[in-house]
Amino acid sequence: MKKSSFVATMLGTFSGMLFALGMCMALISEWNLFVPGIIFGGLGILMGLVTVGIWRKMEHKQPLRLSGKTVLTVMVAILGVLALGIGMCFCMVWGWMIAGIIIGMAGIMALLCLIVITRGIKE
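Residues numbered from 1 in each chain as written. Predicted model: local features only at pLDDT ≥ 70, side-chain atom pairs only at ≥ 80, totals over all residues. Heavy atoms only, no water.

Participant: Help me out: how do you make sense of the overall build of the chain in this one?
Facilitator: Counting its regular elements, the chain contains four helices and zero strands. Along the chain, helices and strands appear, N-terminal first, in the series α-α-α-α. By principal-axis analysis of the C-alpha atoms, the chain measures approximately 50 × 40 × 30 Å. Residue burial in the chain is summarised as follows: out of 123 residues, 22% are buried. As displayed, the chain has an accessible area near 8900 Å², and 77% of this comes from carbon and sulfur atoms. (Helix = DSSP H or I, 4+ residues; strand = E, 2+ residues; numbered from the N terminus. Buried < 20%, exposed > 50% of the residue type's maximum accessible area, 1.4 Å probe, protein only. Areas by Shrake-Rupley, 256 points an atom, 1.4 Å probe, with all protein chains shown as cover.)

Dropping the structure here:
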């Protein structure tokens with residue numbers, strides 16, 4: 001494994017765990033940690049963006065250009081992950097199984113659309 005891949009894996013895992021913990025803190029009302037959860041989630045997102053920059057620098061790649069396709073990809077990814085997480089909260093925390101399953105499936109479908117957005121459809 002290359003050094004850059006190892007560093008990106010470690011930083012990406014850490015940022016993902018930080019984001020997930022923050023979202024749990026914010027969305028589970030019994031914990032009463034909404035504001036710290038938002039802070040942790042924001043730090044997880046920021047750490048993920050820093051990870052991309054560090055990895056690209058270690059791989060000697062040019063910085064990312066902001067295009068319409070990049071913005072669309074990021075927006076679909078964010079909406080898909082949030083819908084999946086909200087659907088899980090509906091099922092596990094609030095006990096609304098049908099609504100949670102429907103929202104979670106919509107999130108999964110949005111995440112599957114990322115394959116089409118990034119790779120395209122070829123014959």
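Here the narrative resumes.
Participant: Quick question: what am I supposed to make of the packing of helix α1 (residues 3-27) against helix α2 (residues 34-58) here?
Facilitator: To describe two helices that pack against each other, one gives the angle between their axes and the distance between the axes. Look at α1 against α2: their axes get within 7 Å of each other, and the N-to-C directions meet at 165°. In terms of their interaxial angle, α1 and α2 are classed as roughly antiparallel. Crossing handedness for the pair α1 and α2: left-handed. Counted by class, the contact of α1 with α2 contains 20 nonpolar, 10 polar and one charged residues. (Axes fitted to C-alpha atoms, helices over the stretch in contact; angles between N-to-C directions. Parallel < 35°, antiparallel > 145°, perpendicular 65-115°, else oblique. Left-handed = near helix turned anticlockwise from the far one by under 90°. Nonpolar A, V, L, I, M, F, W, Y, C, P; charged D, E, K, R; others polar.)

Participant: I'm lost on α2 in this one. Help?
Facilitator: Residue pairs three or four apart in sequence face the same way in an α-helix, which turns once every 3.6 residues. Between its terminal C-alpha atoms α2 stretches 36 Å, which fits the 36 Å expected from 25 residues at 1.5 Å a residue. What α2 keeps buried is the set G37, G41, G44, T51 and R56. Of the surrounding elements, those touching the buried residues of α2 are α1. Just beyond α2, the residue with positive phi is H60, at close to 60°. (Expected span 1.5 Å × (residues − 1). Contact = heavy atoms within 4.5 Å.)

Participant: Help me out: how do you make sense of the packing of helix α3 (residues 68-92) against helix α4 (residues 97-119) in this one?
Facilitator: Relative to each other, α3 and α4 sit at 160°, their axes nearing to 7 Å. With respect to each other, α3 and α4 are oriented roughly antiparallel. When the axes of α3 and α4 are compared, the crossing they make is left-handed. Grouping the constituent residues of the contact of α3 with α4 by class yields 18 nonpolar, seven polar and one charged.

Participant: What am I meant to see in the UniProt feature "transmembrane region" (unreviewed entry) in the chain here?
Facilitator: Residues annotated in UniProt with the feature "transmembrane region" (unreviewed entry) correspond here to residues 7-28, 34-54, 66-87 and 93-117. Counting secondary structure, residues 7-28 comes out at 95% helix and 0% strand; the distance between its end C-alpha atoms is 32 Å. Across residues 66-87, helical content stands at 91% and strand content at 0%; the span's end C-alpha atoms are separated by 30 Å. (UniProt positions renumbered as here; feature names shortened; annotations may be inferred.)

Participant: Any chance you could explain the packing of aromatic side chains here in plain terms?
Facilitator: Describing an aromatic ring pair means giving the distance of the ring centres and the angle of the ring planes. All chains considered together, the criterion is met by two aromatic pairs. Considering the side-chain rings of F90 and W94, the 5.2 Å spacing of their centres and the 85° angle between planes classify their relative orientation as edge-to-face. Among the residues examined, W94 registers a relative accessible area of 38% and is labelled partly exposed. Judged by centre distance (5.4 Å) and plane angle (70°), the rings of F90 and W96 are edge-to-face. (Phe/Tyr/Trp six-rings, centres within 6.5 Å; stacked < 30°, edge-to-face > 60°.)

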